[in-house]
Amino acid sequence: MVSREPPSSWDPPRQGRWPWFGAFAFLFLVASQTVAIVTSPPDRDMGDLEKILYVHVPAAWIMSLTFAVVMFYSLRYLWKGRETDDLAAASAAEVGTLFNGLTLLLGMLWGKPAWGVWWAWDARLTSTLVLFLIFVGYLSLRAFVDEPERRAQWSAAVGILGAINVPIVYMSVRWWRTLHQVQSSPDTVAGIYVLSLRANAFAFLFVMIYLVRRRYEAACLDRAADHAEQDAALGGR
Amino acid sequence: MTESKSKRRPWVIAGVVAVVAVFGWLLYGGLDKNVVFFLTPQELLAKGTAGYDVPVRLGGQVKPGTVKWDDKTLRLTFEVTDGKSDVAVQSSGAPPQMFRDGMGVVVEGRFGRDHVFNSTGLMVKHSNEYHPPKPGEKPQEMYKTLIKGSGS
């Protein structure tokens with residue numbers, strides 16, 4: 001049973017210093033993008049197109065990480081039944097969907113000049129799109145189900161189902177023959193690119209943590225308001 | 001009510017796990033290593049007559065030295081190789097910017113009985129390597145020299 005705490009024991013998380021962390025995250029993002037764009041020499045094949053590397057790849061990495069967070073909180077919700085875990089999973093799912101959409105969009109912008117096509121139905125692109133659609137479904141599900149406990153259980157199921165796709169997306173270029181190239185590694189990428197890529201991956205990570213945290217705060221406030229409303233309807237305390 | 005629900009939770013978890021397993025099996029169990037975006041030249045040739053005149057994608061490396069570009073008729077011909085077999089490809093229109101000797105490509109079209117692959121779409125397959133040009137090379141310009149050098 002989801003513990004339906006009375007409002008008095010429901011303590012929404014406080015924003016504390018998170019706005020400062022957010023300012024830091026976005027400044028760090030701007031700085032690392034600037035350094036990457038200014039310092040990295042053009043690639044020998046694709047010239048300045050190479051700079052999409054610094055947004056497409058971090059978006060994909062952080063997307064995977066965010067969906068792993070969804071998996072973690074969804075499992076913990078099913079295990080412990082705590083409403084806050086459901087809200088944390090939902091917040092991560094929102095942000096993960098954002099990064100998933102970014103990955104697809106930036107990949108298409110890269111594909112057109114580099115491959116000659118915006119899209120190809122290969123295993124990598126298709127599985128990434130499936131992942132995106134599952135999480136769009138997850139968010140729609142949450143919007144349609146009004147009963148909190150039922151919503152949380154169904155969401156947890158879909159969240160786990162969706163997150164299972166992440167390793168499949170990652171391995172798709174190795175398991176199946178695709179247009180998308182296999183993963184790069186520091187051995188296949190010049191050192192000067194690797195450094196900028198890592199800095200930007202951290203920038204995306206900080207932005208992700210910030211966004212998930214703020215969405216979580218908002219979701220908790222929302223639920224606290226619901227609880228207060230219910231208690232008032234039941235005669236108040 | 002609280003008690004009955006807390007007893008139900010293990011069943012909910014079990015149900016979820018079962019649904020996830022079945023869904024995953026349905027979605028990916030049916031796919032095996034045969035899900036390929038393109039055939040290699042060797043695979044295409046191995047199909048024999050079954051490989052003729054059907055829509056297919058062929059992928060491999062542009063065999064160095066085989067690229068011919070006619071800038072009047074916009075006809076582009078080259079050979080695709082996987083190191084074992086080569087297939088002659090005929091295409092029209094300007095190729096993607098990154099097309100050059102030795103680059104990975106995937107062509108869409110039909111393999112004719114004359115053993116020429118008629119391409120209706122040309123995609124460049126990039127490797128997982130990113131490097132600045134070596135001293136003396138200039139980025140991107142290889143494409144221009146290729147087009148100019150091998151023209152008419």
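Below you will find a few notes about this structure. (Residues numbered from 1 in each chain as written. Chains lettered and ligands numbered in written order. Predicted model: local features only at pLDDT ≥ 70, side-chain atom pairs only at ≥ 80, totals over all residues. Heavy atoms only, no water.)

## A word on the interface of chain A and chain B
Many authors give the size of an interface as the accessible area that is lost as the parts come together. Put simply, the rule is: Contacts are assigned to residue pairs that have any heavy atoms within 4.5 Å of one another. Accessible area that two parts lose when put together, with a 1.4 Å probe and added across both, is what the buried area reports. The term salt bridge refers to a side-chain nitrogen of Lys or Arg lying within 4 Å of a carboxyl oxygen of Asp or Glu. Counting of polar contacts relies on pairs of N or O atoms within 3.5 Å, with two restrictions inside protein: one atom must be capable of donating a hydrogen and the other of accepting it, and residues adjacent in sequence are counted only when both atoms are side-chain atoms. Think of it this way: any DSSP run of H or I at least four residues long counts as a helix, any run of E at least two long counts as a strand, and we number them from the N terminus.
Contact residues are listed per partner, giving 46 residues for chain A and 45 residues for chain B. Interface area, chain A with chain B, both sides summed: about 4,100 Å², of which 60% is carbon and sulfur. Between chain A and chain B we count 2 salt bridges in total. At the boundary of chain A and chain B, one finds 15 residue pairs in polar contact (both at pLDDT 80 or more). At the level of secondary structure, the elements contributing two or more residues to the side of chain A that touches chain B comprise helix 2 (53-80), helix 3 (83-115), helix 5 (148-163) and helix 6 (165-175) of chain A.

## Notes on the pattern of salt bridges
All names here are of chain A. Taken as a whole and assessed by the stated rule, the structure comprises 14 salt bridges over all chains. Put simply, D85 and R76 hold a salt bridge, and the shortest N to O gap is 3.0 Å. Put simply, D48, E50 and K51 are held in one network by salt bridges that share partners.

## Thoughts on the packing of aromatic side chains
Defined as follows: For Phe, Tyr and Trp, rings pair up if their centres lie within 6.5 Å, where Trp contributes its six-membered ring, and each pair is then called stacked (planes under 30 degrees apart), edge-to-face (over 60) or tilted (otherwise). For the exposure calls, accessible area comes from a 1.4 Å probe over protein chains only, and a residue counts as buried if that area is under 20% of its type's maximum, exposed if over 50%, partly exposed in between. Whether a charge sits over a ring depends on NZ of Lys or CZ of Arg being within 6 Å of the ring centre and within 35 degrees of the ring normal.
Evaluated as defined, the whole model comprises 17 aromatic pairs over all chains. Aromatic pair A:F26 and A:Y210: ring centres 6.2 Å apart, planes at 85°, arrangement edge-to-face. In this pair, A:F26 sits in helix 1 (residues 18-39) while A:Y210 sits in helix 7 (residues 191-233), placing the two residues 184 residues apart along the sequence. Assessed through its relative accessible area of 37%, A:F26 is described here as partly exposed. Residue placement shows B:R57 over the ring face of B:F37; its charged tip is 4.0 Å from the ring centre.

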